[in-house]
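Architecture at a glance
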Amino acid sequence: MEKTTFNKPYLYNLYGGSEEDILFVLNEFLTGYDEMLQSLVKYFSDSTFVKFREELHKHSSGFTYVGFEEITNTINSFSLRCKSAKAVAEVQEEFEQIIRIIKECKEICIVETG
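The shown structure was predicted, so the numbers you read here are calculated from the model rather than taken from an experiment.

Before going further, it helps to examine the overall build of the protein chain. The number of helices and strands found in the protein chain is five helices and zero strands. In sequence order, the protein chain lays out its α and β elements as α-α-α-α-α. Computed over C-alpha atoms, the radius of gyration of the protein chain comes to 15 Å, within 12% of the 13 Å expected from 2.2 N^0.38 for 114 residues, which places it in the range of a compact globule. The proportion of buried residues among the 114 residues of the protein chain is 37%. Counted over contacts in the protein chain with a minimum sequence separation of 6, partners at least 24 positions apart contribute 69%. Total accessible area computed for the protein chain in this model is approximately 6,600 Å², and 52% of it derives from carbon and sulfur atoms.

In helix packing, the relevant descriptors are the interaxial angle and the interaxial distance, both defined with respect to the helix axes. Here helix H3 (residues 50–60) crosses helix H4 (residues 69–84) at 165°, and the two axes come no closer than 10 Å. By the angle class used here, H3 and H4 are roughly antiparallel. In this structure, the crossing between H3 and H4 has a hand that is left-handed. Where H3 abuts H4, its residues Phe52, Arg53, Leu56 and Ser60 lie against Thr72, Ile75, Asn76, Phe78, Ser79, Cys82 and Lys83. Looking at the contact of H3 with H4 residue by residue, the classes come out as five nonpolar, four polar and two charged.

What H4 keeps buried is the set Ile71, Thr72, Ile75, Phe78, Ser79 and Cys82. Seen along its axis, H4 keeps its buried residues to an arc of 130°; they face one direction. For H4, exposure combined with an orientation more than 90 degrees from the buried face picks out Asn73, Leu80 and Ser84. If you follow the buried residues of H4, they end up packed against helix H2 (19–44), H3 and helix H5 (92–113).

Here the focus is the packing of aromatic side chains. Within the structure shown, the criterion is met by seven aromatic pairs. Note on Phe52 and Phe78: the rings are 6.0 Å apart at their centroids and 85° apart in plane angle, and the pair reads as edge-to-face. With a gap of 26 residues between them, Phe52 in helix H3 and Phe78 in helix H4 connect regions that are remote in the sequence. You can call Phe52 buried: its relative accessible area is 1%.

A few words now on the confidence of the model for the protein chain. Across the protein chain, the average pLDDT comes to 91, with 96% of residues at 70 or higher. No element of the protein chain has a lower mean pLDDT than H3, which averages 89, and none a higher one than helix H1 (residues 8–14), which averages 95.

The rules we used
Residues numbered from 1 in each chain as written. Predicted model: local features only at pLDDT ≥ 70, side-chain atom pairs only at ≥ 80, totals over all residues. Heavy atoms only, no water. Helix = DSSP H or I, 4+ residues; strand = E, 2+ residues; numbered from the N terminus. Rg over C-alpha atoms; globule rule 2.2 N^0.38 Å. Buried < 20%, exposed > 50% of the residue type's maximum accessible area, 1.4 Å probe, protein only. Contact = heavy atoms within 4.5 Å. Areas by Shrake-Rupley, 256 points an atom, 1.4 Å probe, with all protein chains shown as cover. Axes fitted to C-alpha atoms, helices over the stretch in contact; angles between N-to-C directions. Parallel < 35°, antiparallel > 145°, perpendicular 65-115°, else oblique. Left-handed = near helix turned anticlockwise from the far one by under 90°. Nonpolar A, V, L, I, M, F, W, Y, C, P; charged D, E, K, R; others polar. Arc of directions from axis to C-beta. Phe/Tyr/Trp six-rings, centres within 6.5 Å; stacked < 30°, edge-to-face > 60°. pLDDT = per-residue confidence, 0-100.

What follows is the structure in structure tokens.
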């Protein structure tokens, strides 16, 4: 997977050029970040992946609203692979990459809201 990119021009377009609105949504993302990450890690161990895929779906589109639209597609593709996986081990490495990407998003948001 490629390095996580932050699309600030996209956010300016999405939020009508309002720096205040952009800071608000980035801060909202940071506020819910720990809970999101914990739920993804918790439910990943569910061998049926049902709750995990629900959590992925619940959070995936949120990345678009904070300037990481390509991550939404990455997460949705990963969710489809989880649907066909028979065991956690089949997608463990990709899961770890997804978590790394999500952590990178947090770091970028911290810098942007700094």
